[in-house]
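Structure at a glance
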Amino acid sequence: MGLQQSRLNNALQIRTGDQRESSTDSNVYVILHDTSETKSERILLDNWCRNDFKIGALDTFNIKLPDSFTEVSKIEIWTEPCSFELTSSNWYIDTIKFVRRFRGESVMFPVFRWIKPNLHYYIHPWDTFLPQNDPDEKQREGEIDQKREIYKMKYAEGAPVLCESLPIDEEFSAKYMWNMLTNKLDVILRGIYTRIIADSWKTLDDLTNVYHEEKLTEPESVKFWREDTWFGYQRLNGCNPTVITLCEEIPSKLGVDDEVLKPVLKGETLEDLIKKKRLFYTDLEILEGITHREDLDMCAPIGLFMLNSEDDLVPIALQLKQQKGPDNPIFLPTDDHYLWTLAKMWYNLADSSFHQSLVHLGLTHLLMEGVILAMHRNISVSHPLYKLLAPHTLFLLAINSRGFKKLVSPGGWVDKTMTIGIEGMFQLIYKGVQLWDFSIDGNLPKEFARRKVDDPKVLPKYYFRDDSLALYNCILKYVSNYIDVYYEADSDVIEDWELQNWAECISKEPKPEDGGIGIKGLPIKDGKGHIPSKEELKLFITTVLFTCSVSHAHANFLQYEEYAFPANYPSMIRTPLLKDKNPRQEEDLIAALPDKATTLDVMAITSLLSAKTTKSLGDFETQYIYDPKAVPCVKKFQINLKAISDNIRKRNKTLAKAYNVLDPVNIPNAISI
């Protein structure tokens, strides 16, 4: 009776991962060690007449421990292949939970590892150590060596560093794939339906025939797209709100002065607007010289904007090419209506090319693939930083791999629906990623300050700025509190060789012989990337977490709203670039739009990409942080996110058009779509 009572008092609950091939039929053994160097006998984990350790399963095993056993200090676990196996000898464990029922106590052992046959693994409570403090340093180093064999880097001239092949750990889960496929099927069926019932484009109103009440719904942009206030709003709160800049002097290459703008300035002067901080500009110079489809035109425009009396940003001049000239006129709101509308469409064509190539794909998906690839190659799963960042890397490599095959492959979606095409897209990505800097572009307050739009009194309707800064500061506080738990002093940061190796890998030249990612802006010591202090570490990790969540959300989840009505934010214009100011007609707008099939392809894909399919920021799909010292950091983060959400919803009630893309409930933890 005493033995039976002892076995019922203690249990191990083991969660097998949901990755492909993560189950095992091997014999599984454990030895439990306590703080007094007492250990259990070798225990075979096997429930009679049950098929244990299946994919995603939680299995419970009652175990016997010595009477003298105190507090568990580590679990030793290994597998031995049995004579007949139907599954892989390798086994992936998510977590082990040790339960002492008579005390009402439990201890979590986050594993998140592949258990290879005949190798003994030692897992400690909460499994969270800096490398210099890990009691099993040799095991840790061996696991990192294995990761480097799995997470191999692929180099190609003129392209960011990518993962050579998708590891099993990075594949979509079965549940996520099901959600994604059912959404895709629904969109495809709806697209077929609209192809059948929609007439060819004869008027702009005909475009609305393709929308449906449930799927491929009519975007709000249909109501506003002709309005100059909407065009200004796109610069502040659309897919690409990252280039608007306070104008302190008129760029010399922009062919405007008070006389040219007299019809729109209404008695004011450019100098007056500059002094009042009411004049702004955008410059898409980076598009100059970028390859595009030979049968279509592209431009690299400059836009000049002012705040009107209602504090709405409105365009007052558009120049479609960089250098002044007789075939590069200045377009004004007082021009012929259809001419001015076409000029705005040409600007938005350039802006959408910049958005999809850089703001979205280049500076979230691909930039972070390099950073996370370097993390896996240098940071142990036992590292506190791995536990912090893991929820924000979910499916990133998988969605990138899938996107390359389906969307940005030769002859794929980008080539079919975008003027820039994949060749130009990757030229622009490479150009933009080379310019991107951790210390400026990755530091949100500095980035707004560089454009001189950080003052909330400047551009009072810049909701992207207000919400993203609130979220950045919230994430910085979360990261800071967490880092303070594990790093007492700057010396702890300097002595963390895994972190320093990660920084070095990120900063090295992107060459196979150097093994680097090639991103600039991290501190440098002796020619190598180096994190010298807790403060620098906090900023670095905040940038990674923010980019994987908030930056991607604002770039991704407005796509259907912006692109689904092609005149609002065209990805392609089929007529030649405007080079004169002759009046145009509605027929000219219709001729400029993509054909019906292209329009529907854009609608279908942007509808799919705009669907949120994972949990919200702070509500993690998988819990990695179990350390009692760190769990309060997560709880506080969740409370602060809730407060931001409440503030955004309160503000939105006062707006004619709610800006909710950066409400934390609408932001996924990671780049998963």
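Residues numbered from 1 in each chain as written. Predicted model: local features only at pLDDT ≥ 70, side-chain atom pairs only at ≥ 80, totals over all residues. Heavy atoms only, no water.

1. Quick word on empty space enclosed by the protein
Heads up, the condition is: Each cavity reported here is a set of points on a 1 Å grid over the protein atoms alone in which a 1.4 Å probe fits but cannot get out, each pocket an open set with protein on both sides within 12 Å along at least five of seven lines, and each lining residue one with an atom within 4 Å of a point. Grid points are joined across faces, edges and corners, and a volume is the space filled by probe spheres set on the points. Numbering of helices and strands runs from the N terminus; a helix is a DSSP stretch of H or I covering at least four residues, while a strand is a stretch of E covering at least two. Gly is placed with the polar residues, together with every amino acid not listed as nonpolar (Ala, Val, Leu, Ile, Met, Phe, Trp, Tyr, Cys and Pro) or charged (Asp, Glu, Lys and Arg).
By the definition in use, this model includes three cavities of 30 Å³ or more. When its volume is computed, the largest cavity comes out at roughly 80 Å³. In terms of lining residues, the largest cavity is bounded by W225, R226, E227, W230, F231, Q234, T341, K344, M345, N348, A567 and N568. Elements that contribute at least two residues to the lining of the largest cavity include exactly α5 (228-237) and α8 (337-378). When residues of the lining of the largest cavity are assigned to their parent elements, the largest contribution, four residues, is made by α8. Within the lining of the largest cavity, the residues separate by chemical class into five nonpolar, four polar and three charged.

2. Some points on the side chain of S549
Just so we agree on the cut-off: The buried label applies to any residue whose accessible area, calculated with a 1.4 Å probe on protein chains only, is under 20% of its type's maximum; exposed applies above 50%, and partly exposed to all values in between. Contacts are assigned to residue pairs with any non-hydrogen atoms lying within 4.5 Å of each other.
In this structure, S549 sits in helix α17 (residues 534-556). Exposure remark for S549: the relative accessible area of 1% places this residue in the buried category. Excluding its chain neighbours within four sequence positions, the residues that come into contact with S549 are I475, L617, I667, P668 and N669.

3. Focus: the packing of aromatic side chains
The following threshold applies: Only rings of Phe, Tyr and Trp enter the pairing, Trp through its six-membered ring, and a pair is recorded when the two centres are within 6.5 Å. The plane angle decides the type: under 30 degrees is stacked, over 60 is edge-to-face, the rest tilted.
As enumerated under the stated definition, the model contains 23 aromatic pairs in all. Ring plane angle 75° and centroid distance 5.6 Å describe the contact between Y472 and F546, whose orientation is recorded as edge-to-face. Of this pair, Y472 sits in helix α14 (residues 463-486) while F546 sits in helix α17, placing them 74 residues apart in sequence. In this structure Y472 comes out as buried when scored by relative accessible area, which is 2%. The class for F546 is buried, based on a relative accessible area of 5%. Measuring from ring centre to ring centre gives 5.2 Å for Y482 and Y486, while their planes differ by 55°; the resulting arrangement is tilted. Note that Y482 and Y486 are positioned in helix α14 at a spacing of four residues, about one turn of the helix. Like Y486, Y482 is buried.

4. As for the layout of surface pockets
Here is the rule we go by: An automatic or database domain assignment supplies the residue ranges for each domain.
Quantified by volume, the second largest pocket comes out at close to 930 Å³. Where the lining of the second largest pocket is concerned, the elements lending two or more residues are β12 (279-283), α8, α12 (421-435), α13 (444-450) and α17. Residue composition of the lining of the second largest pocket, by class: 14 nonpolar, nine polar and six charged. Shared between two domains, the lining of the second largest pocket takes at least three residues from each, and those domains are domain 2 (183-351) and domain 3 (364-556 + 609-666).

5. A closer look at the sheet that holds strand β8 (residues 121-123)
Operational definition: Strands pair, by our definition, only if DSSP identifies at least two bridges between them.
Here four strands make up an open sheet; going across it, the order is β3-β2-β5-β8 and the pairing antiparallel. A single partner strand is all that each edge strand has here, and the edge strands are β3 (43-44) and β8.

6. A look at unusual backbone geometry
When glycine is set aside, most residues are seen to have a negative phi, and most peptide bonds are trans. At W126, a residue that is not glycine, the phi angle is positive and equals roughly 70°. Residue position: W126 is located in the loop between β8 and α2 (137-150). The exposure class assigned to W126 is partly exposed, which follows from its relative accessible area of 31%. If you check the backbone angles, F395 has positive phi at about 65° while not being a glycine. The residue F395 is located in the loop between α9 (384-389) and α10 (396-406) in this model. Take F395: its relative accessible area is 9%, and that puts it in the buried class.

7. Side note on the nonpolar core
Quick note on the threshold: Throughout this description, the term nonpolar core refers to a set of buried Ala, Val, Leu, Ile, Met, Phe, Trp, Tyr and Cys residues connected via side-chain atoms within 4.5 Å.
By size, the foremost hydrophobic cluster in this structure holds 162 residues, and its most contacted members are F280, L459, W502, L537, F540 and I541. Here the element with the most residues in this core is α8; it accounts for 21 residues. Sequence-distant contacts of L459, that is, excluding residues within four places in its chain, are made with L236, I244, F280, L307, L313, V453 and R465. Judged by nonpolar contacts, the second largest core, of 25 residues, contains V30, I63, F109 and I115.

8. Side note on the sheet that holds strand β7 (residues 105-115)
Note the threshold: Note on geometry: axes are C-alpha line fits, over the in-contact stretch for helices, and angles between N-to-C directions span 0 to 180 degrees.
Pairing within the open sheet is antiparallel, and its four strands lie in the order β4-β1-β6-β7. Of all strands in the sheet, those with a lone pairing partner are β4 (58-62) and β7, marking the two edges. Averaged over all adjacent pairs, the angle separating strand axes in this sheet is 20°, with direction ignored.

9. Description of the packing of α8 against α10
Heads up, the condition is: Angular relationships are summarised with four words: roughly parallel below 35 degrees, roughly antiparallel beyond 145, roughly perpendicular across 65 to 115, and oblique for the angles in between. Put simply, a crossing is left-handed when the front helix is turned counterclockwise from the back one by less than a right angle, and right-handed when it is turned clockwise.
The N-to-C vectors of α8 and α10 enclose an angle of 130°; their axes lie 10 Å apart at closest approach. It follows from the interaxial angle that α8 and α10 lie oblique. Note on packing geometry: the crossing formed by α8 with α10 is left-handed. In this structure, α8 uses H365, L366, M368, E369 and I372 to contact α10, whose residues at the interface are L396, L397, I399, N400 and F404. A breakdown of the residues in the contact of α8 with α10 according to their chemical character gives seven nonpolar, two polar and one charged.

10. Observations concerning the domain arrangement of the protein chain
Under the domain assignment, the protein chain is made up of domain 1 (13-127), domain 2 (183-351) and domain 3 (364-556 + 609-666). The C-alpha centroid of domain 2 is placed 60 Å from the C-alpha centroid of domain 1.

11. Some words on the environment of T60
Inspection of the secondary structure puts T60 in strand β4. Between the alpha carbons of T60 and R15 there is a distance of 9.0 Å; along the sequence they are 45 residues apart. Those residues in contact with T60 that lie beyond four places of it in its chain are A11, L12, Q13, N47 and R101.

12. A word on the packing of α8 against α12
Two numbers describe a pair of packed helices, the interaxial angle and the distance between the axes. Contact geometry of α8 with α12 gives a least axis separation of 9 Å together with a crossing angle of 60°. Our classification of the angle between α8 and α12 gives oblique. When you trace α8 past α12, the crossing you get is right-handed. On α12, the residues touching S353, F354, Q356, S357, L358, L361, G362, L363, L366 and L367 of α8 are M425, F426, L428, I429, G432 and V433.

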